[in-house]
Amino acid sequence: EPEVTQTPSHQVTQMGQEVILRCVPISNHLYFYWYRQILGQKVEFLVSFYNNEISEKSEIFDDQFSVERPDGSNFTLKIRSTKLEDSAMYFCASSEQLANYGYTFGSGTRLTVV
Amino acid sequence: AQTVTQSQPEMSVQEAETVTLSCTYDTSESDYYLFWYKQPPSRQMILVIRQEAYKQQNATENRFSVNFQKAAKSFSLKISDSQLGDAAMYFCAYRRRNTGTASKLTFGTGTRLQVTL
């Protein structure tokens, strides 16, 4: 079964550093998403991406965050100048065009900011 | 804005028994999708079951079924013949019908299910 792949599985970074979280969506999917889950809390939407541009973003997704699809396969989330409160599990997901099915989520990247 | 509420932070069920997890939601839309996701200790999000709001028939996937009450905005998950592997966090989620843009999932706060011998 096709998978969404996320790397790394765990990243530790110092406060103020930049991190890039990487995702390889399912190859025929056209919609891409990032979600965040702070430990013990609910999963929160960050951003959706389609046709090489942001479709929607939440209030969490401020200027500190950016997304990019640098080539035909990768989808990245960059966090500039990380803060302690950015520590969370970050999930990438993808979905087919207009499929209206639940997304396929990746297994997540656990980001720890120290 | 849409909201999803799961009022049971934790539930427990004995192996082979049946358990029902509750979910209510609030929306002004008439056409949308509802989902239950399972999150085991590995933290991966796994789709369990989905329901289309325009379908009156309740969705069923093997031991998992839903009770969808559109007027009451209620969407509960029933797990029959519970197994140890069902132990996980369960999230209810809402998504409005895709209108050509990538619509987000709105999640509830989750219910932690314990399965005992």
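Right above here is the structure, for reference.
Here's a quick rundown of the structure. (Residues numbered from 1 in each chain as written. Chains lettered and ligands numbered in written order. Predicted model: local features only at pLDDT ≥ 70, side-chain atom pairs only at ≥ 80, totals over all residues. Heavy atoms only, no water.)

1. Observations regarding the state of the cysteines
Okay, so step 1: Tallied over the full model, the rule gives two disulfides over all chains.
Okay, so step 2: Across a sulfur-sulfur distance of 2.0 Å, cysteine 23 of chain A and cysteine 92 of chain A are joined as a disulfide pair. Disulfide cysteine 23 of chain A-cysteine 92 of chain A: torsion about the S-S bond near -65°, hence left-handed. With cysteine 23 of chain A in strand S3 (residues 19-24) and cysteine 92 of chain A in strand S9 (residues 88-95), this pair connects stretches of sequence that are 69 residues apart. The pair formed by cysteine 23 of chain A and cysteine 92 of chain A is uniform in burial state, with each residue classed as buried.
Okay, so step 3: A disulfide bridge connects cysteine 23 of chain B with cysteine 92 of chain B, and the sulfur atoms are separated by 2.0 Å. Taking the sign of the torsion about the S-S bond as the criterion, the disulfide between cysteine 23 of chain B and cysteine 92 of chain B, at about -70°, is left-handed. Residue cysteine 23 of chain B is located in the loop between strand S3 (19-21) and strand S4 (24-26), and its partner cysteine 92 of chain B is located in strand S10 (residues 88-96); the two are separated by 69 residues in the primary sequence. (Disulfide = S-S within 2.5 Å. Helix = DSSP H or I, 4+ residues; strand = E, 2+ residues; numbered from the N terminus. Buried < 20%, exposed > 50% of the residue type's maximum accessible area, 1.4 Å probe, protein only.)

2. Quick notes on the interface of chain A and chain B
Okay, so step 1: With 24 residues of chain A at the interface, the matching set in chain B holds 23 residues.
Okay, so step 2: Across the interface of chain A and chain B, roughly 2,100 Å² is buried in total on both sides, 53% from carbon and sulfur atoms.
Okay, so step 3: One can count one salt bridge joining chain A with chain B.
Okay, so step 4: Between lysine 104 of chain B and glutamate 56 of chain A there is a salt bridge, and its shortest N-O distance comes to 3.9 Å.
Okay, so step 5: Summed over the shared surface of chain A and chain B, the number is six residue pairs in polar contact (both at pLDDT 80 or more).
Okay, so step 6: Per-element accounting of the side of chain A that touches chain B gives the leading share, four residues, to strand S4 (residues 31-37) of chain A.
Okay, so step 7: Broken down by class, the residue content of the side of chain A that touches chain B amounts to 12 nonpolar, nine polar and three charged. (Contact = heavy atoms within 4.5 Å. Buried area = accessible area lost by both parts, 1.4 Å probe. Salt bridge = Lys/Arg side-chain N within 4 Å of Asp/Glu carboxyl O. Polar contact = N/O pair within 3.5 Å; in protein donor to acceptor, adjacent residues only side chain to side chain. Nonpolar A, V, L, I, M, F, W, Y, C, P; charged D, E, K, R; others polar.)

3. Description of the pairing of strand S5 (residues 43-50) of chain A
Residue and element names in this part refer to chain A.
Okay, so step 1: When you tally the buried positions in S5, you get six out of eight residues, the bulk of the element.
Okay, so step 2: As paired elements, S4 and S5 share seven bridges and run antiparallel to each other. By the bridge assignment, arginine 36 is partnered in S5 with glutamate 44.
Okay, so step 3: Counting the residues that bridge the hairpin from S4 to S5 gives five residues, and of these glycine 40 lies at a positive phi of roughly 80°. (Pairing = 2+ DSSP bridges.)

4. Quick look at the packing of aromatic side chains
Any two aromatic rings considered together are summarised by their centre-to-centre distance and by the angle between their planes.
Okay, so step 1: Per the counting criterion, the structure on display carries 23 aromatic pairs over all chains.
Okay, so step 2: Their ring planes at 45° and their centres at 5.8 Å tell us that tyrosine 103 of chain A and phenylalanine 105 of chain A sit as a pair that is tilted.
Okay, so step 3: For tyrosine 103 of chain A, a relative accessible area of 3% puts it in the buried group.
Okay, so step 4: One aromatic cluster is present, formed by Tyr33, Tyr35, Phe45, Phe91, Tyr103 and Phe105 of chain A together with Phe35, Tyr37, Phe91 and Phe107 of chain B through successive ring pairs. (Phe/Tyr/Trp six-rings, centres within 6.5 Å; stacked < 30°, edge-to-face > 60°.)

Nothing here speaks to function; it is geometry throughout.
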